[in-house]
Amino acid sequence: MDLSTAKFLAAGLAIGLGAVGPGIGIGILAAGALQAIGRNPDATSRIQTFMFIGIAFAEAIAIYSLVVALILLFVL
Amino acid sequence: MKKRTKILLILLGAVALLVAGNLYLRFRLPPVMIRAEIIPGLRFGPLQVTNTLLTALVVDLILVAVAVLATRRMRLVPTGLQNFVEWVLETLYHLTESVAGARWAPRFFAIVATIFLYVLVSNWFGLLPGLSAFGVVEEHVAHASGHHAEGAEKLIVPLFRSPSTDLNNNLALAMLSVFMTQVFGVIALGPRYFGKFVNVGGLGAALRPGVSLRRRFSLLAFGAINLAVGVLEAISEVAKVISFSFRLFGNIFAGEVMLLVLASLVPLVLTLPFLGLEVFVGLIQAFIFFILTLAFFTMATSAHGHEEAEH
């Protein structure tokens, strides 16, 4: 395997594997938020705010792997 | 016109656009630049002007112009632009108040609302169609690295590029946010705020005279744990800067690269829904920067009472 092949493979693996965890996490988060809204519709706006904060934290992990993939592809 | 004929016409139009785009609008994918391009010929002494810096200035001008226009002839019953700006600011203020409480909301509002508006406008500015066509043509020497090496070619260095796709801009915003978190923490709690990072209260209690040996050991252990937790708190402050800046950069930059790739694969048709998606992502990212900064400010200013309650 030469260097550029390894680079493409590494970039694909980085974003692919890195997106698994946050995907699951965001799914759990949204499910929890929807259940909470279903039980208490009056608190929708507050729950949404906290859900977005949580999603931002979960998504940051995916963004890290995206940045790693971009660096592998275009910088290194 | 019947509904069915309408749908049929829309489908036919889409197919026509698809074919026309594929025939006449194919283009080769330009190299993706992670670093902001330096505009050739625009230079102030040692300071090289990048296109993101230029766009950041334009975004500032837009925000200032809107603010001036909206407040030039203020009326008690607002109309037009003043009405719109008031609606935006009131919505943001109510959100700020619901998170931070009535006491701290006035102090936080200026910073968090500025961050929101600046990030929002700069995210959306990069989405204007045709924006990156304005630029300076530059003779490009072949890339040393890998697959783009095809001899000298002409490339357009765009004059405008969304500031959010430059890591420096996002890093500056993130550092401002984290720095102001510390400032508000000190304003609210005084020097006690730094007790969060250097937590020696537990160790002090263990060394107090008149404590049984067994209790002394457990206090010592808890003190050591508290000390380690303090170190972790300090690390998490640094991690905040990284995650703030990379989140915004990754989302907006990846969005623009995705639009570019889609436009080169299926011109015209496929880009339009994704442009809509990117408008939404730009709003969400601005909102997340705003609400996270606000949440960190609120956490820093509220004394953590449970530690006093423990002992």
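Given the structure is predicted, the values throughout are model-derived calculations rather than measurements.

Reading guide: rules and limits
- Residues numbered from 1 in each chain as written.
- Chains lettered and ligands numbered in written order.
- Predicted model: local features only at pLDDT ≥ 70, side-chain atom pairs only at ≥ 80, totals over all residues.
- Helix = DSSP H or I, 4+ residues; strand = E, 2+ residues; numbered from the N terminus.
- Rg over C-alpha atoms; globule rule 2.2 N^0.38 Å.
- Buried ≥ 20, exposed ≤ 12 C-beta atoms within 10 Å, placed from the backbone.
- Contact = placed C-beta atoms within 7 Å.
- Pairing = 2+ DSSP bridges.
- Nonpolar A, V, L, I, M, F, W, Y, C, P; charged D, E, K, R; others polar.
- Axes fitted to C-alpha atoms, helices over the stretch in contact; angles between N-to-C directions.
- Parallel < 35°, antiparallel > 145°, perpendicular 65-115°, else oblique.
- Left-handed = near helix turned anticlockwise from the far one by under 90°.
- Expected span 1.5 Å × (residues − 1).
- pLDDT = per-residue confidence, 0-100.
- Core = buried A, V, L, I, M, F, W, Y, C linked by C-beta atoms within 7 Å.

A. Spotlight on the overall build of chain B. Looking only at helices and strands, one finds 8 helices and 4 strands in chain B. Listed by position from the N terminus, the elements making up chain B come as α-β-β-α-α-β-β-α-α-α-α-α. Taken over C-alpha atoms, the radius of gyration comes to 26 Å for chain B, far larger than the 19 Å a tight globule of 311 residues would show. Once the C-alpha set of chain B is aligned to its principal axes, its extents read approximately 90 × 60 × 50 Å. Split into buried and exposed, the 311 residues of chain B put 23% on the buried side.

B. Here's a closer look at the overall build of chain A. In terms of helices and strands, chain A carries 3 helices and 0 strands. Seen in sequence order, chain A has helices and strands lined up from the N terminus as α-α-α. Computed over the C-alpha atoms, the radius of gyration of chain A is 17 Å, more than 25% above the 11 Å expected from 2.2 N^0.38 for a compact globule of 76 residues. Principal-axis analysis of the C-alpha atoms places the extent of chain A at approximately 60 × 20 × 10 Å. Residues classed as buried in chain A amount to 20% of the 76 residues present. Put simply, of all contacts in chain A between residues at least 6 apart along the chain, 82% involve residues at least 24 apart.

C. Looking closely at the pairing of strand E1 (residues 38-44) of chain B. Residue and element names in this part refer to chain B. Inspection of the sheet shows E1 paired to strand E2 (residues 47-50) by 3 bridges, in the antiparallel sense. Across the sheet, Ile 38 pairs through a bridge with Thr 50, a residue of E2. Hairpin geometry of E1 and E2 is characterised by an intervening segment of 2 residues between the two adjacent antiparallel strands and by a positive phi of about 60 degrees at Gly 45.

D. The arrangement of the interface of chain A and chain B in detail. Counting from both sides, the interface comprises 14 residues of chain A and, opposite them, 15 residues of chain B. Split into classes, the residues belonging to the side of chain A that touches chain B amount to 11 nonpolar, 2 polar and 1 charged.

E. Representation of the packing of helix H3 (residues 80-125) of chain B against helix H7 (residues 271-301) of chain B. Residue and element names in this part refer to chain B. Remark: H3 packs on H7, axes separated minimally by 8 Å, with the N-to-C direction vectors making an angle of 150 degrees. The pairing of H3 with H7 is recorded here as roughly antiparallel in orientation. H7 is crossed by H3, and the crossing has right-handed handedness. For the contact of H3 with H7, the per-class residue count stands at 18 nonpolar, 7 polar and no charged.

F. Structural detail: helix H4 (residues 167-189) of chain B. All names here are of chain B. Helix length check: H4 (23 residues) gives 33 Å between terminal C-alpha atoms against 33 Å at 1.5 Å per residue, within 8%. Looking at H4, one finds that the buried residues are Leu 167, Asn 169, Asn 170, Leu 173, Ala 174, Ser 177, Thr 181, Phe 184 and Gly 185. Contacts made by the buried residues of H4 are with helix H2 (51-71), H3, helix H6 (213-265) and H7.

G. Looking closely at the packing of H6 of chain B against H7 of chain B. Residue and element names in this part refer to chain B. Viewed as axis vectors pointing N to C, H6 and H7 meet at an angle of 175 degrees, and their least axial separation amounts to 10 Å. Between H6 and H7, the crossing angle belongs to the class labelled roughly antiparallel. Here Lys 240, Phe 244, Leu 248, Asn 251, Ile 252, Gly 255, Met 258, Leu 259, Leu 262 and Ala 263 of H6 lie close against H7, whose contacting residues are Thr 271, Phe 274, Leu 275, Glu 278, Val 281, Gly 282, Gln 285, Phe 289 and Phe 296. When grouped by side-chain class, the residues that make up the contact of H6 with H7 number 12 nonpolar, 5 polar and 2 charged.

H. How the structure looks around the environment of Asp 42 of chain A. Topologically, Asp 42 of chain A is positioned in the loop between helix H2 (20-39) and helix H3 (44-75). Sequence separation between Asp 42 of chain A and Val 67 of chain A is 25 residues; the distance between their C-alpha atoms is 39 Å.

I. Just the confidence of the model for chain B, in detail. Residue and element names in this part refer to chain B. In the predicted model, chain B carries a mean pLDDT of 83, and the fraction of residues at 70 or more is 92%. Here residues 144-150 scores under 50 on pLDDT; set against residues more than four positions off or in separate chains, the count is 7 contacts. Low pLDDT (under 50) marks residues 305-311, which in the prediction has 1 contact with non-local residues, meaning those over four places away or in another chain. Quick note on the complex model: pTM equals 0.82, ipTM equals 0.74.

J. View of the nonpolar core. All names here are of chain B. One finds Ile 115, Phe 116, Val 119, Phe 289, Phe 290 and Leu 294 to be the most contacted residues of the largest nonpolar core, which totals 48 residues. Element by element, the count of residues in this core is highest for H3, at 13 residues. Excluding its chain neighbours within four sequence positions, the residues that come into contact with Phe 116 are Leu 92, Ala 286, Phe 289 and Phe 290.

K. Structural context of the environment of Val 112 of chain B. In this fold, Val 112 of chain B is placed in helix H3. In this structure the C-alpha to C-alpha distance between Val 112 of chain B and Thr 96 of chain B, which are 16 residues apart in sequence, comes to 8.4 Å.

L. How the structure looks around the environment of Val 257 of chain B. In this fold, Val 257 of chain B is placed in helix H6. Considering only alpha carbons, one finds Val 257 of chain B and Met 33 of chain B, 224 residues apart in sequence, at a separation of 9.6 Å.

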